[in-house]
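Report on the structure
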Amino acid sequence: MSQPKFVYFDNNATTQVAPEVVDAMIPFLREQWGNPSSIYTFGKQVAKHVETAREKVAALINADPREIVFTSCGTESNNSAIYSALMTHPQKRHVVTSSVEHSANIKFCQALQAQGYQTTFLPVEPDGGLDLHLLEQSIRPDTAIVSIMWANNETGVLFPIEEIAAICRSKGVLFHTDAVQTPGKLKIDVNDLGIDLLSLSAHKLHAPKGIGLLYVKRNTKYRPYIIGGNQERGRRGGTENVAQIAGFGCAAELAMASLADENTRVRALRDKLENGILKGIPGSVRNGARERRLPNTLNVSFDSVEAEGVLLMLDQAGICASSGSACTSGSLDPSHVLTAMGCSIARARGSIRLSLGIYNTETEVDYVLAQLPPIIQKLRSHSAKPKEKTVAAGKG
Ligand SMILES: Cc1ncc(COP(=O)(O)O)c(C=O)c1O
């Protein structure tokens, strides 16, 4: 088998910028570099392009362009949604979120707790699902917002956003969803879903890092998180990142066009990879629900190995993958998502995430399926070797 030099199976971390997106951005770096807020034509022309991009990203989620606020990233969008809900409802000091959210929510809510706000981190079931009854019960008269992700970035598990939105509506509570992992993979219609606030991040859909959006449903009270100029209809200060916004607009169009490919070809590649691993490597197990899952994501644990070793050896073979674990000072913390699902520390430490995308091929899947089993075998044989007896100094 000819060896591909570089296999990128970490599309949930970030995605390759599409060539079309680069082309869409360049004019705003080279020629049209004016400030869109300026009153002269050179600036106003740029402003028109910002509005065209706004229309394109709005179309991706079936929103009105006026409901789109460009931000710097998904993290800012999540923080802004929760902050705004608390600021516009000062008598409400409680937030409901889940225990498997991205750190953009978990750490923000922990910071809120340190300031005297209250947060409920909803537990999840062993397959990563949510107990909606529990969610409903956790909403209190002083709950300002429920913020629940749509697709989990580590496992790909999907939460039933439409049902959650309906529960929130019936309770009169704002509902925000972190939909950062969904564009191009799921159809997004904010009206059908009944969502009040929704976050996206462009670098997950083949646009550059450092640009995101927050959808704010019409007539939702809003308080900006970044305070400054009157940009974004007063909802986000700071001169618009025009080139990135133009790239985001182009990527939104591409994401709509790639929906079918993600759900057929990419899904089939992911399934081939999953079946090959689970059948070919004894002691391997999938983490998270099989069906209610993004079409591109696979999270798998291997008995008796540490993910760190697997990832290093995959890297030596030119394969990019990741673990759900945060690497802190050389030691791998077990993933908060997998431990919330009830996985043992050992299973969580032995887990890797493989996330595919539109640029991946079957040859790459075959290559990974050829490389992974000997890597696991080698690591297991190392860990099975009896450790040399060490004699403590001074104890004879
Ligand atoms: C589910 C989810 N939410 C939020 C973020 C944060 O997005 P950004 O990197 O644009 O801040 C990510 C990025 O990994 C994510 O996967």
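Each chain carries its own residue numbering, running from 1 in the written order of its sequence. For this predicted model, a pLDDT threshold of at least 70 governs which residues receive local features, and a threshold of 80 or more governs which side-chain atom pairs are given and counted, while totals over whole chains, interfaces and linings are taken from all residues. As a rule here, side-chain values cover all heavy atoms of the structure and leave hydrogens and water aside.

What makes a residue near a molecule or strand is one non-hydrogen atom of that residue sitting within 4 Å of it. Lining the immediate environment of the ligand, one finds C73, G74, T75, H102, M149, N153, D178, V180, Q181, S201, H203 and K204. Two N or O atoms form a polar contact when they lie within 3.5 Å of each other; inside protein one atom must be a possible hydrogen donor and the other a possible acceptor, and for residues adjacent in sequence the pair counts only when both atoms belong to side chains. In the environment of the ligand, a nitrogen atom lies 2.6 Å from a nitrogen or oxygen atom belonging to the side chain of D178. S201 has a polar side-chain atom sitting 2.6 Å from an oxygen atom of the ligand. Note on areas: these come from Shrake-Rupley sampling with a 1.4 Å probe, and a residue is covered only by the protein chains present in the view. If the ligand stood free it would expose 390 Å²; the protein chains cover 88% of that surface. A molecule is said to occupy a pocket when more than half its atoms come within 2 Å of that pocket's grid points, and by this definition the ligand occupies the second largest pocket. A pocket here means an open set of points on a 1 Å grid, computed over the protein atoms alone, that has protein on both sides within 12 Å along at least five of seven lines. A cavity is instead a set of points where a 1.4 Å probe fits but cannot get out; residues with an atom within 4 Å of a point line either one. What decides whether a molecule sits in a cavity or pocket is whether more than half of its atoms lie within 2 Å of the grid points.

Another point: the layout of surface pockets. Grid points are joined across faces, edges and corners, and a volume is the space filled by probe spheres set on the points. A volume near 250 Å³ is recorded for the second largest pocket. The dominant element in the lining of the second largest pocket, judged by the number of residues it contributes, is helix 3 (residues 74-88), at 3 residues. Here the term charged refers only to Asp, Glu, Lys and Arg, the term nonpolar to Ala, Val, Leu, Ile, Met, Phe, Trp, Tyr, Cys and Pro, and the term polar to all other amino acids, Gly among them. Its residues placed into classes, the lining of the second largest pocket shows 5 nonpolar, 9 polar and 3 charged. The secondary structure listing takes helices from DSSP runs of H or I that are at least 4 residues long and strands from runs of E that are at least 2 residues long, numbered from the N terminus.

Another aspect to go through is the environment of G342. Relative to the elements of secondary structure, G342 occurs in the loop between helix 11 (336-340) and helix 12 (345-349). Exposure is judged per residue with a 1.4 Å probe applied to protein chains only, and the accessible area is read against the type maximum: over 50% gives exposed, under 20% gives buried, and values in between give partly exposed. The exposure class assigned to G342 is exposed, which follows from its relative accessible area of 61%.

Right, let's talk about helix 9 (residues 242-280) for a bit. To estimate how far a helix should reach, multiply one less than its number of residues by 1.5 Å. When the terminal C-alpha atoms of helix 9 are compared, their 48 Å separation across 39 residues is substantially less than the 57 Å that a helix rising 1.5 Å per residue should span. Values of bend correspond, residue by residue, to the angle between axes fitted over the seven residues ending at that residue and the seven starting there. Its axis deflected by about 45 degrees at S258, helix 9 carries its strongest bend there.

Attention now goes to empty space enclosed by the protein. Counted under the stated rule, the structure contains 2 cavities of 30 Å³ or more. Along the walls of the largest cavity sit 13 residues, with P183, K204, L205, H206 and E262 positioned nearest its centre. Looking at side-chain class alone, the lining of the largest cavity contains 4 nonpolar, 6 polar and 3 charged residues. Within this model, the second largest cavity holds a volume of roughly 40 Å³. Every residue lining the second largest cavity is listed: V100, G128, N152, T155, V157, F159, V337 and M341. Of the residues assigned to the lining of the second largest cavity, the class counts are 5 nonpolar, 3 polar and no charged.

Attention now moves to the pattern of salt bridges. Whenever a carboxyl oxygen of Asp or Glu lies within 4 Å of a side-chain nitrogen of Lys or Arg, that contact is scored as a salt bridge. Per the counting criterion, the structure on display carries 15 salt bridges. Here R265 and D261 are joined by a salt bridge, their closest N and O atoms 2.8 Å apart. Linking R265 with D261, this pair stays in helix 9, spanning 4 residues, or about one helical turn. By relative accessible area, which is 30% here, R265 ends up partly exposed.

We now examine the nonpolar core. In this structure, I61 and I164 are the most contacted members of the largest nonpolar core, which totals 65 residues. No other element matches helix 9, which puts 9 residues into this core. With near-sequence residues (within four places) excluded, I61 lies in contact with I68, I188, D189, V190, L198, L200 and Y215. Residues belong to a common nonpolar core when they are buried Ala, Val, Leu, Ile, Met, Phe, Trp, Tyr or Cys residues joined through side-chain atoms within 4.5 Å. Every residue pair with non-hydrogen atoms within 4.5 Å of one another is taken to be in contact.

Our next topic: the packing of aromatic side chains. Any pair of aromatic rings gets described here by the distance separating the centres and the angle formed by the planes. Here a pair means two rings of Phe, Tyr or Trp (six-membered ring of Trp) with centres within 6.5 Å. Their orientation is stacked below 30 degrees between planes, edge-to-face above 60, and tilted elsewhere. For the structure on display, the rule yields 5 aromatic pairs. Pairing W33 with F42 gives two aromatic rings, centres 4.8 Å apart and planes at 80 degrees, and the pair type is edge-to-face. Ring pairs connect the aromatic residues Y83, F108 and Y225, which therefore count as one cluster. Over the ring of Y117 we find R93, and its NZ or CZ is 4.2 Å from the ring centre. A positively charged side chain is recorded as over a ring if its NZ (Lys) or CZ (Arg) lies within 6 Å of the ring centre. The angle to the ring normal must also be within 35 degrees.

Further remarks concern the confidence of the model for the protein chain. A residue's pLDDT is simply how confident the predictor is in it, with values from 0 to 100. Across the protein chain, the average pLDDT comes to 94, with 94% of residues at 70 or higher. Within the model, the stretch residues 388-396 combines pLDDT values under 50 with 1 contact to residues more than four positions away or in other chains.

Here we come to unusual backbone geometry. Not every positive phi belongs to a glycine, and N219 is a case in point at roughly 70 degrees. One can find N219 in the loop between strand 8 (212-216) and helix 8 (231-234). Although it is not a glycine, E232 sits at a positive phi angle of roughly 55 degrees. You can see E232 is positioned in helix 8.

In terms of burial, strand 6 (residues 174-178) is a largely internal element, 5 of the 5 residues being buried. On strand 6, burial covers both faces: L174, H176 and D178 on one face and F175 and T177 on the other are all buried. A pair of strands is labelled paired if DSSP reports no fewer than 2 bridges between them. Sheet topology places strand 5 (residues 143-147) next to strand 6; 3 bridges connect them, and they run parallel. Paired with V146 across the strands is F175, a residue of strand 6. With the strands pointing away from the viewer, any crossover whose connection runs clockwise from the first strand over the helix to the second is right-handed. Since strand 5 and strand 6 lie parallel, the crossover through helix 6 (residues 161-171) that links them has a hand, and here it is right-handed. Pairing of strand 6 with strand 7 (residues 197-201) involves 3 bridges; the strand directions are parallel. Across the sheet, H176 pairs through a bridge with L197, a residue of strand 7.

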